[in-house]
Amino acid sequence: MPDADGMILAKEEENDAEVRREDQDQINEFGRLNARLYEVRYEVDNLKKLLEKIDDASTELMMGNGDRVMLRLGEAMFEATEDEATEFCEAEVERHQETVDKLNQEAADILEEQVGLKKILYGRFGKSINLEEK
């Protein structure tokens, strides 16, 4: 069987342990957690980009001259004062930051659960199973 580097395991490193239903369930759970972890990381990256755009917009508003500005909400545009737009930006930053914090906590929980599954599965299968990222 290939190891993490794509090499064939030596005969003494092979583990002929039979894969039980319980083992397969744990392997499947690890895979589901790994997929969700990638989703969470992707969402966090997108939200951080959005937060950066909102921060840039807030900076532009601070440099304004007190005129009314156009505020985009979804597909619609509304005229607002700079103060109203600034308040809106601050509220959006707070809302999105809360989401980022929740997602980061979810990622930490997933990693913690994966560590437990790795211990169990590596204990049972040794080098015959690869649960590491490339």
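Now for a look at the structure at hand. All of these numbers come straight from a predicted model, not from anything done at the bench. (Residues numbered from 1 in each chain as written. Predicted model: local features only at pLDDT ≥ 70, side-chain atom pairs only at ≥ 80, totals over all residues. Heavy atoms only, no water.)

1. Comments concerning the pattern of salt bridges
Tallied over the entire structure, the rule returns 10 salt bridges. One salt bridge in this structure joins Arg36 and Glu39, with 3.1 Å as the shortest N-O distance. Residue Arg36 and its partner Glu39 are located together in helix H1 (residues 21–62), separated by three residues, close to a single helical turn. For Glu43, the salt bridge identified is with Arg36, shortest N-O distance 3.3 Å. For Glu43, a relative accessible area of 32% corresponds to the partly exposed category. Among the ionic contacts, a cluster of salt bridges with common partners joins Arg36, Glu39, Glu43 and Glu106. (Salt bridge = Lys/Arg side-chain N within 4 Å of Asp/Glu carboxyl O. Helix = DSSP H or I, 4+ residues; strand = E, 2+ residues; numbered from the N terminus. Buried < 20%, exposed > 50% of the residue type's maximum accessible area, 1.4 Å probe, protein only.)

2. Describing a negative patch on the surface
Together, Glu52, Asp55, Asp56 and Glu60 give the surface a local cluster of negative charge. Relative to the helices and strands, Asp56 is located in helix H1. Relative accessible area serves as the criterion here: at 44%, Asp56 is assigned to the partly exposed category. (Patch = residues over 30% accessible without salt bridge, like charges linked within 9 Å, V, L, I, M, F, W, Y side chains within 5 Å. Areas by Shrake-Rupley, 256 points an atom, 1.4 Å probe, with all protein chains shown as cover. Lys, Arg positive; Asp, Glu negative; His and termini not counted. Charge placed at Lys NZ, Arg CZ, Asp CG, Glu CD.)

3. Concerning the packing of H1 against helix H2 (residues 82–125)
Across the interface, H1 lies against H2 with an axial gap of 8 Å and an inter-helix angle of 160°. Comparing the axis directions of H1 and H2 gives the class roughly antiparallel. Helix-helix and strand crossings are classified by hand; for H1 and H2 the assignment is left-handed. Grouping the amino acids of the contact of H1 with H2 by side-chain chemistry returns 24 nonpolar, nine polar and 12 charged. (Axes fitted to C-alpha atoms, helices over the stretch in contact; angles between N-to-C directions. Parallel < 35°, antiparallel > 145°, perpendicular 65-115°, else oblique. Left-handed = near helix turned anticlockwise from the far one by under 90°. Nonpolar A, V, L, I, M, F, W, Y, C, P; charged D, E, K, R; others polar.)

4. A look at H2
With 44 residues, H2 ought to run about 64 Å at 1.5 Å a step, and its terminal C-alpha atoms sit 62 Å apart, in line with that. One or two residues past the end of H2 sits Gly126, with phi positive at roughly 60°. (Expected span 1.5 Å × (residues − 1).)

5. Section: the pairing of strand E2 (residues 76–80)
In this sheet, E2 lies alongside strand E1 (residues 69–73) in antiparallel orientation, the contact comprising five bridges. Residue pairing across strands places Leu71 opposite Phe78, the latter belonging to E2. (Pairing = 2+ DSSP bridges.)

6. Notes on the nonpolar core
The biggest cluster of nonpolar side chains holds 16 residues, and the ones touching the most others in it are Val40, Val44, Val100, Leu103, Leu121, Ile129 and Leu131. Among the secondary structure elements, those contributing two or more residues to this core are H1 and H2. Those residues in contact with Val40, other than ones at most four positions away along the chain, are Leu103, Glu106 and Ala107. Counting residues in each nonpolar core, the second largest holds six residues, with Ile54, Leu71, Ala80 and Ala85 among its members. (Core = buried A, V, L, I, M, F, W, Y, C linked by side-chain atoms within 4.5 Å. Contact = heavy atoms within 4.5 Å.)

7. Description of the environment of Arg20
One can find Arg20 in the segment before H1. Reaching out from Arg20, the side chain makes a polar contact with the side chain of Asp23 at a distance of 3.0 Å. (Polar contact = N/O pair within 3.5 Å; in protein donor to acceptor, adjacent residues only side chain to side chain.)

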